[in-house]
Amino acid sequence: MQVGKTEEHPLKEFYGDIHGTYDRINRIFTFGRDVSWRKKAASECLRFNPEKVLDICTGTGDFILELAGQVSEGVSLTGYDFSGAMLEVARIKSQVLQAKSEVPNIAFVEGDVIKMPFKNEFFDALGITFGIRNLIYENSNADRHLAEMCRVLRPGGQLVILESSRPQNGPWRLLNSAYLQFFLPYLGGMISGNLKAYRYLARSSKNYYSMKEMGTILENAGFVITKSEPLFLGSVMLLVALKK
Ligand SMILES: C[S@@+](CC[C@H](N)C(=O)[O-])C[C@H]1O[C@@H](n2cnc3c(N)ncnc32)[C@H](O)[C@@H]1O
């Protein structure tokens, strides 16, 4: 299935349908590990004390909220996503967090990654957790999405990616595939009420790039990889890159 054509947005529809159960299903499917993966990705993103950070495909905001919890005052945080429904969940969660503790304000901006309303080289760091797959897997606009990400990041700025990955280890890869094919779509479909969305999410995870392939894609898009770390025996990857 080719997705990401601006006129139809099948993904936007999927996320509009599953926003209410998205966080719960994430916790179940990753056995709660996604929380610590985002923590790790956030500390990578903040390593060089960026002043302006953009979370692309922010969704229900778990990554940007993790960033908010780790940064000091004065850092500008922006969460960007084309699903108004997912962003609404993020906004409510950020209000709850702000009522409880002193965290910086987060700007949530609704729009498509294909054309972002930010100046060239505006951000010091970009993060994208479980979102890049949506932008480049079987997506006719993959190159445009990558070019746009590169455009808004300053030269030398960091890009941090957390994403599903195809494990290297054969038996684990088989188990991982079986889990994604036979378990995730049905449980996700049952909880969210949208089997089609979880079929897509499971299939795109199962067939997604290995860490090495993803590294090559990023190098070709204008980044230099500085860190590649397999998580959960390689079912997930953490990649850190610098814009050339
Ligand atoms: C799997 S969710 C990831 C959410 C969050 N980053 C996390 O860690 O859970 C992917 C998000 O990407 C958004 N998305 C997909 N394609 C997009 C595009 N072309 N432009 C903007 N947002 C997009 C979806 O709306 C969805 O909220």
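Before any of the text, the structure's been laid out above.
Caption draft 1: Representation of the sheet that holds strand E4 (residues 123-129) within the structure. The sheet built from seven strands is open, its strands ordered E3-E2-E1-E4-E5-E7-E6 with mixed pairing. Only two strands of the sheet have a single partner each, and these edge strands are strand E3 (106-110) and strand E6 (223-231). Put simply, the sheet's adjacent strands are angled 15 degrees from each other on average, direction ignored. Across the face of the sheet, helix H3 (residues 33-45) comes into contact with strand E1 (52-56), E4, strand E5 (153-164), E6 and strand E7 (236-243) while running at roughly 170 degrees to E5. Packed onto the sheet, helix H7 (residues 142-152) meets E1, E4, E5 and E7 and runs at close to 135 degrees relative to E5.

Caption draft 2: Structural context of the site of the ligand. In the vicinity of the ligand, 20 residues are found, and the nearest of them are Cys57, Gly59, Phe82, Ser83 and Thr129. Those elements that place two or more of their residues in the shell around the ligand are helix H1 (10-18), helix H4 (62-70) and helix H6 (132-136). Classifying every residue of the shell around the ligand by side-chain character gives 10 nonpolar, seven polar and three charged.

Caption draft 3: How the structure looks around the nonpolar core. In terms of nonpolar packing, the biggest core is built from 65 residues, with Ala41, Cys45, Ile56, Leu67, Leu126, Met149 and Leu159 touching the most fellow members. Excluding residues within four positions of it along the chain, Cys45 makes contact with Val53, Leu67, Ala125, Gly127, Gln158 and Val160.

Caption draft 4: Summary view of helix H5 (residues 84-100). Given a rise of 1.5 Å per residue, 17 residues ought to cover 24 Å, and the 24 Å separating the end C-alpha atoms of H5 matches this to within 8%. Of all the positions in H5, only Met86, Leu87, Ala90 and Ser94 are classed as buried. Along H5, the residues classed as buried sweep out an arc of 90 degrees about the axis, all on the same side. What points out from H5, more than 90 degrees from its buried face, is the exposed set Ile92, Gln95, Val96, Ala99 and Lys100. The inward-facing, buried residues of H5 contact H1, H4, strand E2 (76-81) and E3.

Reading the values: the criteria
- Residues numbered from 1 in each chain as written.
- Predicted model: local features only at pLDDT ≥ 70, side-chain atom pairs only at ≥ 80, totals over all residues.
- Pairing = 2+ DSSP bridges.
- Helix = DSSP H or I, 4+ residues; strand = E, 2+ residues; numbered from the N terminus.
- Axes fitted to C-alpha atoms, helices over the stretch in contact; angles between N-to-C directions.
- Contact = placed C-beta atoms within 7 Å.
- Near = placed C-beta within 6 Å.
- Nonpolar A, V, L, I, M, F, W, Y, C, P; charged D, E, K, R; others polar.
- Core = buried A, V, L, I, M, F, W, Y, C linked by C-beta atoms within 7 Å.
- Buried ≥ 20, exposed ≤ 12 C-beta atoms within 10 Å, placed from the backbone.
- Expected span 1.5 Å × (residues − 1).
- Arc of directions from axis to C-beta.

Any link to function would need more than the numbers given here.
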